[in-house]
Amino acid sequence: MSVDGTDRGPTPRFSLAASAGHAFGAIPPPALVLLGIVSVQIGSALAKYLFGAVGSFGTVALRLLFAAAVLMLVWRPSLRMSRRTWTVVLGYGVTLGLMNLCFYLSLARIPLGIAVTVEFLGPLVVALAGSRRWLDVLWAVLAAGGVVLLMEGSGDLDLLGLLFALAAGTCWGLYILVGAALGRRTTEGNGLALGMAVAALVAVPFGVAESGTALMQPWVLVAGLGVALLSSVIPYSLDLEALRRMPPRVFGILMSLEPAMAALIGLIVLQESLHWSQWIAVLCVVAASAGAARGTAPEA
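Residues numbered from 1 in each chain as written. Predicted model: local features only at pLDDT ≥ 70, side-chain atom pairs only at ≥ 80, totals over all residues. Heavy atoms only, no water.

Undergrad: Hey, could you run me through the packing of aromatic side chains in this one?
TA: Each aromatic ring pair is characterised by the separation of its centres together with the angle its planes make. If you walk through the whole model with that rule in mind, you get 5 aromatic pairs. Feature note: the residues Phe51, Phe103 and Tyr104 constitute an aromatic cluster, connected by ring pairs. (Phe/Tyr/Trp six-rings, centres within 6.5 Å; stacked < 30°, edge-to-face > 60°.)

And the structure:
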């Protein structure tokens, strides 16, 4: 393939993208979103098993490196972009890298369901920011009540883990805003591929410094590839296809199920049981996120 995107016959990029498009086209959009949610949470659970071998930084490095390699291979993005577009790509990649580093640091210290619930406050704040509706005040109060319940039922929950989850949520909120700009300035999966490559450049030095040659063990590489596919490549691709075929408001409502799914996957895969008050806290954040997404203006 030439760098200017001229079609000169079948290429891996078009064959892979077309095959995925045909496969996804047979699946209803809500099912795509739910499959993406399940995929990313199973990927997070699998990542937690890698912490003992390569640490949280090493796991992030493997996830982003393999995800970037797959996406770059599929999309073959051109590097010929304006300076302004490159600024957006770099901002997106750095935010994505920091978000993953903070989230995996929290995941090493607190249960998966709690980490995702706290992290989900970032997108919720973005959804509620600038709202003038009284109903959105109710959603904000409900989410705040969920956080209070989460803290009361925490017991010996690691405070540093909670702070890392909050930092990841802050990065997630920024990621949404920068991602919107990325979508306006790039086409198809080109911006995502380049942004993922930048994120890998951010995370890999931390992973190498923490884990060194442990990252090169064959089973670690295979597990890292699995984490990358489950946590990044598959869910991002499913989300993009779902957003092409359903309103963003409906997408946001379905995505609000993610904290509850994370708690359920944590219980089944990692045997991480939550206190009854923590389950109520998770449901409060889910309800607040769904309500905020439902009230989002269609043009947003």
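Undergrad: I tried to follow helix H9 (residues 218-245) on my own but got confused; where do I start?
TA: What sets the pattern is the α-helix's 3.6 residues per turn: residues three or four places apart point alike. With 28 residues, H9 extends 39 Å from end C-alpha to end C-alpha; this agrees with the ideal 40 Å at 1.5 Å per step. At Leu229, H9 shows its maximal bend, which comes to roughly 40°. (Helix = DSSP H or I, 4+ residues; strand = E, 2+ residues; numbered from the N terminus. Expected span 1.5 Å × (residues − 1). Bend = angle between axes of the 7 residues up to and from the residue.)

Undergrad: Looking at this structure, I do not really get the pattern of salt bridges. What am I missing?
TA: In a structure, side chains of opposite charge can pair up when their charged atoms sit close to one another. Within the structure shown, the criterion is met by 1 salt bridge. Here Glu272 makes a salt bridge to Lys48, at a shortest N to O gap of 2.5 Å. In this pair, Glu272 is assigned in the loop between helix H11 (258-269) and helix H12 (276-294) and Lys48 in helix H2 (residues 29-75), connecting sequence segments 224 residues apart. Relative accessible area serves as the criterion here: at 14%, Glu272 is assigned to the buried category. (Salt bridge = Lys/Arg side-chain N within 4 Å of Asp/Glu carboxyl O. Buried < 20%, exposed > 50% of the residue type's maximum accessible area, 1.4 Å probe, protein only.)

Undergrad: What exactly am I supposed to notice about the nonpolar core here?
TA: Across soluble globular proteins, you tend to see nonpolar side chains buried next to one another. Grouped together as the largest cluster of nonpolar side chains are 73 residues, with contacts concentrated most on Leu96, Phe103, Leu112, Ile114 and Met196. Excluding residues that lie within four positions of it along the chain, Leu96 makes contacts with Tyr175, Met196, Ala199 and Tyr236. Ala242, Phe251, Leu254 and Met255 belong to the second-largest nonpolar core, a separate cluster that totals 9 residues. (Core = buried A, V, L, I, M, F, W, Y, C linked by side-chain atoms within 4.5 Å. Contact = heavy atoms within 4.5 Å.)

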